[in-house]
Amino acid sequence: MFRIIGRRLLEVVLFVLFVTFFSFLFLRLAPGDPALTILNVDELNVSQEQVEALREDMGFNDPLLVQYGKWLLDFLRLDFGNSYITSQPVSEMLLTGLPATLELTIGSLIVMLLVAIPLGSLSALYKDSWIDHVSRYFSIIGAAVPSFWLGLIMIDMFAVRLSWFPTMGRDSLLSLVLPAVTLGLAIAGVYVRLLRSSLLDSLGQEFVRAARARGISEGRIFFSHAFRHSLPPVITVFGVSLGSLIGGVVVVEVLFAYPGVGKLVVDSIRQRDYPLIQGYIVLMAAIVFIVNTLVDLSYRYVNPELRLKERKLS
Amino acid sequence: MRKFLIKTLGMAILILLLAACTDNADSEGDKKHLAFVYNFATNSLDPNVDSSYVPLRAGMTETLVRLNEETLTIEPWLAESWEGTNEGREWTIKLREGIDFQNGKPMDAAAVKASLERSLKDNVAIQNALKIDAIEVMDDRTLHITNTQAFPEFVSELVNPNVSIIDVEAGDFVNNPIGTGPFKLESFTPGSKLELVRNEGYWDEKAKLDSVTFSFNEDANARSLALESGDADVVFRPEVESIGSLEEKEGVKVESTETFRVHQLTMNMEREALKDVNVRKALDALIDREEIAQSVLLGYAEPAKGPFPGSLPFAPSYSEHETGEDVAKEYLEKAGYTLVDGKMQKDGEPLELTMLTYSSRADLPLIAQIFQSDAKKLGIDVELRQIEIPEEYMASNRDWDLATYSNLTAPRGDAGYYLNATYHPDGALNFSGADEPELTRIIDELNVTVDADKRAELSEAAADYVDENQINSFVIYPDTLVAYDETKVKNWVTTRSEYYMITNQLDVK
C-alpha cells in the first residue's frame, strides 16, 4: 500500500509539471489579451502604447519559459497568484466555488448510480427482453444528446411547465435537482451498457456455476458474487471518464447559473484571467489524480485476486 | 452490496425529502420583490474596477453626474452643479447636500475625493479617461479638480460607472462595496446573483421595491425560460429567436431600444485595393442593410447611415448613399475595374477580399455571409476568416481587407471616445489605419473644445469626413432587447446607455 502511494507521489510531480507547463503554453499561445479586457478598450479610449505598456508591466512580453518559471516558483510556495479581474487570491476564489461543484458532482453521481445500477442489472438479468432494449436505446440517446440541450429540455419540462424546480441559481436543495439529473442522465448511458456487459461476463464465469451447484440462491449469487466481480471494469472506466464528467459539470453550471468552479472558469476564460484558469487546471489535475489513485486502491477491495497476487509476489 | 443499494436509495430519498421541505414559495407576503436576470456574470462587485458595471446597474452605487436618457445630455446626480474654466483644465464641482453612504457615513467632499483617487489608482483606463492631476477639497461640499491638460469632456467622463462614488474606508470592494444608491447589498454569490434590499436612508425618493434579486445567466435560452417559468420578472437580452414565442405568451412584453452601438465593416485602408475611395464606396454600396436588419436581427435593428445614430445631438445629417449592385459597379468602373469572365478585374488582377469575422457576437458572421454572397454576384470573391479576439488580431495582423466589428460609439453621450479610439492615429481601435491629417485636426480640436454646440459641430464634421471618405462602412444599429412580465412589472425603462437598470422608480403591481 505505501509503495503504491510512494510511486504515485513521484508520478504526481511529473504529472503536475507536465500538465501545468502545457496548459500554460497553450493558454499563452491561444488568442486573447487580458490587457485589452483590463483596459476596457470597448468603452474607454486608450492608445496602442498604453496597451503595450500594460503588457510589459504584467510580464507578457517576457519569454514564455520565464513566465512559466515565475508561475512555478509561486506555485511551489502554494501561491496561485491573484486574479487579474478581481485581484483576489485565486486559491480563495476556487475554494469558494468548490463546494457547489462537489455538491453537483455528488448529486449527479447519485443520479447516475440510481439509473445505471438497476437498468444495467436488469438488462443483464433479462437479456434480450424489452427492458434490455429500452436500456440500449437509453444508452444510445444518453451518449448522443449534449448535456446543455438535455438541460434546456429539463428546464422547459420541470421548471416552466410543471414549476416544480427553479430554473437557475443555487438557493436550496431543490435547485440541485435539475442540474444533477441533467448531468447524471448524460453520464449514465455509458455505465448502463458497461455494467450490463460486465455482469453478463461475470454470470457466465465458472464460480457462478459452482455457486449455483452449491445451491446458493440466485439473489445471493447475483449480489455477492457476480455484481462484485463485475465492478472493476466499471470503476476503471469511471476513472477514465472523470474528465468528461468535469467537462459536463462546466456546461451544466453555466446553463443553470450554478456558482461552482466550472462557471468561474468559463467567466475567467472570457476575460483571459490566466492565473485563475491555470489554478483551475491544477485543481482539476489534483482531483483527477486523487480519484485515479482511489480507483487503483479500490480494485484491491472489490477484486480479492489482486491482493492475492501481491502477496504471492512478495 | 444490497446494503449499499439500500443506503444509496435511502440517501436519495432523504435528499428529495429535504428538498421538498425547503420552502421555495414567496413567504415574505406583501413585500414587493422583483427578479431580474442579466446576461453577463461577474465575480467582482468592485465598482471602480470591474467592467461589468453591476453595482451601478443594480442601483447600489451612483456617479457624480448621469446621462439623461431622453435628451442624451449630462445631468446632475450626486453632484449638484459643476463649472469648468481654462478650457476644461480646471473644474469646480458642487456636491448635493445631505447624502449619506449606505452605512450612514456622510458623502462629503473628502469622501468623494478619496473615492475618485481610488478609482484613479486602481484602474489604469480610468486614469487615462479622466486625466486628473489633482483633487482639492475646498469645503464640505466643494471639490476643485485640476486636469493634466485642457479637457472639456471631463464631466461627461464622470458618467462612467467605474467612477461610482463609494465609501473607500469600508473596504471589501469585491464583495460588498458601500455606495449611495437606492438599494443595498444583502448577499452576493459570485458568478450567480446579488440579493438587494431597499436603502431606507436614500437621499432621493425611496425605492418602491422592498427587495430585488439581480442574477446572471449567460445562456440566452435559459434566460427566456426563466421568464416563462416566472422565476424572473425581467430578463435582459432574451434570444432573438425566442422573441416570437415569448410575445405570444400572455402578459409578456418585449421591448426593443436603440443603443449607442453600431455594427460596422472596418476597412483596412493600408491594403492596395482599399486605398481607392471608389472601391470603398463600391463595397459600401454592396451592403444590403434592410436585408441584414430583417434576416439577421428579425427587424430589431435600424439600417445605419453613419457611426452615430440619428437621435444623438451630434449626429450629422448623413448624405444619402445610393446602394445596390449597379451603383457598386459604377464605383468600381471609376476605380478602373472591369468585369472579365465573371470576375471584377483591374490590370488582369481580380478583386479578391479577405474578410474577418468572429463569433462572440452572433450577428456578425451572418452579416459577413450576406455580404459575401452579395459580392459574389458582382464578381468579387470574399474569403471569410473566423478569428477569436478581433482587437488583438486586427492590431497585430494586416493581412485582411474587411472586418465585421461592433463598436459602442457614444457610451457616455459624447463623441470623443469613439472618434479618438477609432480614427485618431494613436487610437487603440484604429484598425482601418486612418491617418488623415484633416480628420486628425478635427479630433484634436474637439479634444480641447469646451462649448457644447461647438463640440457637436466638430463631432458632426468628423462623422461627415468619415462618411464622405468612407473610412469605414456602417451596417446597422442593433437594438437592445428586454422582455418582462407586463402584468407584474411597473416603470421598467430600457435605457440606451445600458447603465441604469434597477432604479428607485421600478415597481411591481
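So, how was this worked out
- Residues numbered from 1 in each chain as written.
- Chains lettered and ligands numbered in written order.
- Predicted model: local features only at pLDDT ≥ 70, side-chain atom pairs only at ≥ 80, totals over all residues.
- Heavy atoms only, no water.
- Helix = DSSP H or I, 4+ residues; strand = E, 2+ residues; numbered from the N terminus.
- Buried < 20%, exposed > 50% of the residue type's maximum accessible area, 1.4 Å probe, protein only.
- Polar contact = N/O pair within 3.5 Å; in protein donor to acceptor, adjacent residues only side chain to side chain.
- Contact = heavy atoms within 4.5 Å.
- 1 Å grid on protein atoms, 1.4 Å probe; cavity = no way out; pocket = protein on both sides within 12 Å on 5 of 7 lines; lining within 4 Å.
- Points joined across faces, edges and corners; volume = space filled by probe spheres on them.
- Nonpolar A, V, L, I, M, F, W, Y, C, P; charged D, E, K, R; others polar.
- Core = buried A, V, L, I, M, F, W, Y, C linked by side-chain atoms within 4.5 Å.
- Expected span 1.5 Å × (residues − 1).
- Bend = angle between axes of the 7 residues up to and from the residue.
- pLDDT = per-residue confidence, 0-100.
- Pairing = 2+ DSSP bridges.
- Salt bridge = Lys/Arg side-chain N within 4 Å of Asp/Glu carboxyl O.

1. A short note on the side chain of T494 of chain B
Residues and elements named next belong to chain B.
Piece 1. In this structure, T494 sits in the loop between β22 (489–490) and β23 (507–508).
Piece 2. Classification of T494 as buried rests on a relative accessible area of 7%.
Piece 3. Polar side-chain contacts of T494 include one of 2.5 Å to the side chain of E255.
Piece 4. Among the polar contacts listed, one links the side chain of T494 to the side chain of W492, at a separation of 2.9 Å.
Piece 5. Setting aside residues no more than four positions away along its own chain, T494 makes contact with E255, T257, T480 and V482.

2. Side note on empty space enclosed by the protein
Residue and element names in this part refer to chain B.
Piece 1. Applying the stated criterion across every chain yields a total of one cavity of 30 Å³ or more.
Piece 2. Approximately 30 Å³ is the volume found for the largest cavity.
Piece 3. Lining of the largest cavity is provided by E153, S156, E157, P411, R412, D414, G416 and Y417.
Piece 4. At the level of elements, α5 (154–157) and α13 (416–423) are the ones that each hand at least two residues to the lining of the largest cavity.
Piece 5. By residue class, the composition of the lining of the largest cavity is two nonpolar, two polar and four charged.

3. Some points on the nonpolar core
Piece 1. Counting 125 residues, the largest nonpolar core has F154, F308, F371, I380 and Y423 of chain B as the members making the most contacts within it.
Piece 2. Once residues within four sequence positions are removed from consideration, I380 of chain B is found in contact with L286, L332, M344, L351, L353 and A375 of chain B.

4. Side note on helix α5 (residues 90–125) of chain A
Piece 1. For α5 of chain A, built from 36 residues, the straight-helix expectation of 52 Å at 1.5 Å per residue is met to within 8% by its first-to-last C-alpha distance of 50 Å.
Piece 2. Most pronounced at L98 of chain A, the bend in α5 of chain A amounts to some 35 degrees, and the proline P99 of chain A follows within four residues.

5. Side note on the confidence of the model for chain A
Piece 1. Scored by pLDDT, chain A has a mean of 82; 95% of the residues are at 70 or more.
Piece 2. Mean pLDDT across the elements of chain A bottoms out in helix α14 (residues 304–313) of chain A (65) and peaks in α5 of chain A (88).

6. Brief notes about the sheet that holds strand β16 (residues 343–346) of chain B
All names here are of chain B.
Piece 1. If you trace the three strands from one edge of the open sheet to the other, you get β15-β16-β17, paired in antiparallel fashion. The strands lining the two open edges of the sheet, one partner per strand, are β15 (338–340) and β17 (349–350).
Piece 2. As paired elements, β16 and β17 share two bridges and run antiparallel to each other. Opposite Q345, over in β17, you have P350 as the bridge partner.

7. Notes on the interface of chain B and chain A
It is common to give the size of an interface as the accessible area that goes away when the parts come together.
Piece 1. On the chain A side, the residues contacting the 65 residues of chain B number 51 residues.
Piece 2. The salt bridge partner of D171 of chain A is K193 of chain B, with a shortest N-O separation of 2.3 Å.
Piece 3. At the junction of chain B and chain A, the tally comes to six residue pairs in polar contact (both at pLDDT 80 or more).
Piece 4. Elements that contribute at least two residues to the side of chain B that touches chain A include exactly α1 (2–21), α4 (124–130), α6 (220–229), α12 (390–396), β20 (402–408) and α13 of chain B.
Piece 5. Tallying contributions element by element places α1 of chain B first for the side of chain B that touches chain A, with 10 residues.
Piece 6. Class assignment of the residues belonging to the side of chain B that touches chain A gives a composition of 34 nonpolar, 17 polar and 14 charged.

8. Some remarks on unusual backbone geometry
Residue and element names in this part refer to chain A.
Piece 1. The phi torsion at S87 lies on the positive side, around 60 degrees, for a residue other than glycine.
Piece 2. Considering the arrangement of structural elements, one finds S87 in the loop between α4 (64–76) and α5.
Piece 3. Located in the positive-phi region is D128, a residue other than glycine, with phi close to 65 degrees.

9. Comments concerning helix α8 (residues 174–203) of chain A
Piece 1. Maximal helix bending in α8 of chain A amounts to about 40 degrees, located at A188 of chain A.
Piece 2. Within α8 of chain A, 22 of the 30 residues are buried, leaving the element largely enclosed by the surrounding structure.

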